[in-house]
Amino acid sequence: GGSYHRNHNCSYLNPKIMSAVSSQIGQYRNNDGEIYRQCESCKDSTLTGICFYTEYGNHYHSTLKCSGLKRTIISVPLTEVGNRDLCNKCKIQGE
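Overview of the structure. (Residues numbered from 1 in each chain as written. Predicted model: local features only at pLDDT ≥ 70, side-chain atom pairs only at ≥ 80, totals over all residues. Heavy atoms only, no water.)

1. So, the overall build of the protein chain
Alright, step 1. The number of helices and strands found in the protein chain is one helix and six strands.
Alright, step 2. Seen in sequence order, the protein chain has helices and strands lined up from the N terminus as β-β-β-β-β-β-α.
Alright, step 3. The buried share among the 95 residues of the protein chain stands at 26%.
Alright, step 4. The long-range fraction of contacts in the protein chain, counting pairs at least 24 apart against all pairs at least 6 apart in sequence, stands at 60%.
Alright, step 5. Computed over 11 positive and 8 negative side-chain charges, the inter-centroid distance for the protein chain is 4 Å. (Helix = DSSP H or I, 4+ residues; strand = E, 2+ residues; numbered from the N terminus. Buried < 20%, exposed > 50% of the residue type's maximum accessible area, 1.4 Å probe, protein only. Contact = heavy atoms within 4.5 Å. Lys, Arg positive; Asp, Glu negative; His and termini not counted. Charge placed at Lys NZ, Arg CZ, Asp CG, Glu CD.)

2. Examining the pattern of salt bridges
Alright, step 1. One pass over the full model with this rule turns up one salt bridge.
Alright, step 2. The salt bridge involving Glu 40 is made with Lys 43; its shortest N-O contact spans 3.2 Å. (Salt bridge = Lys/Arg side-chain N within 4 Å of Asp/Glu carboxyl O.)

3. Quick word on the side chain of Thr 54
Alright, step 1. Looking at the element boundaries, Thr 54 is found in strand β4 (residues 50-54).
Alright, step 2. Classification of Thr 54 as buried rests on a relative accessible area of 9%.
Alright, step 3. Engagement of the side chain of Thr 54 in a polar contact is seen with the backbone nitrogen of Gly 57, the distance being 3.0 Å.
Alright, step 4. For Thr 54, the contacting residues outside a window of four places in its chain are Pro 15, Lys 16, Ile 17, Met 18, Tyr 36 and Leu 69. (Polar contact = N/O pair within 3.5 Å; in protein donor to acceptor, adjacent residues only side chain to side chain.)

4. Section: the packing of aromatic side chains
Alright, step 1. Here the structure, examined in full by the defined rule, presents three aromatic pairs.
Alright, step 2. Look at Tyr 12 and Tyr 56: their rings are 5.1 Å apart centre to centre, the planes differ by 90 degrees, and that puts the pair in the edge-to-face class. Pair noted here: Tyr 12 is in the loop between β1 (3-4) and β2 (17-21) and Tyr 56 is in the loop between β4 and β5 (59-60), with a separation of 44 residues, a long-range link.
Alright, step 3. Assessed through its relative accessible area of 27%, Tyr 12 is described here as partly exposed.
Alright, step 4. Tyr 56 gets classed as partly exposed once you look at its relative accessible area, which sits at 24%.
Alright, step 5. An aromatic cluster is built from Tyr 28, Tyr 36 and Tyr 53, whose rings are joined through pairwise contacts. (Phe/Tyr/Trp six-rings, centres within 6.5 Å; stacked < 30°, edge-to-face > 60°.)

5. Examining the environment of Lys 89
Alright, step 1. Looking at the element boundaries, Lys 89 is found in helix α1 (residues 88-93).
Alright, step 2. Separated by 33 residues in the primary sequence, Lys 89 and Tyr 56 place their C-alpha atoms 10.0 Å from one another.
Alright, step 3. When sequence neighbours within four positions are dropped, the list of residues in contact with Lys 89 reads Cys 10, Ser 11, Tyr 12 and Tyr 56.
Alright, step 4. At 2.5 Å, the side chain of Lys 89 forms a polar contact with the side chain of Tyr 56.

6. Observations regarding the environment of Lys 70
Alright, step 1. Within the secondary structure layout, Lys 70 lies in the loop between β5 and β6 (85-86).
Alright, step 2. Between the C-alpha atom of Lys 70 and that of Leu 13, which follows or precedes it by 57 residues, the distance is 8.8 Å.
Alright, step 3. When residues no more than four places from it in sequence are discounted, the contact partners of Lys 70 are Leu 64 and Lys 65.

Right, here's the structure in full:
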């Protein structure tokens, strides 16, 4: 990702995955008020009538196996985060 986190419990790293009826996902908004768009990674998967989304994401997914719903966490010293910015959620929480 483009950000680093100070807390491994950050909700961006551990998203709560919710489901919705696919035909109704257009009515949902994330915590920032954005609409959900179809994920590019899993758009070719067959929609079963149910899609998956997170409260902070801006895409919906047709499968729980989508890489867009997975997180890989690597611990590194702060001196090695490079030009990444601190995650907005961690910044707000002062972590």
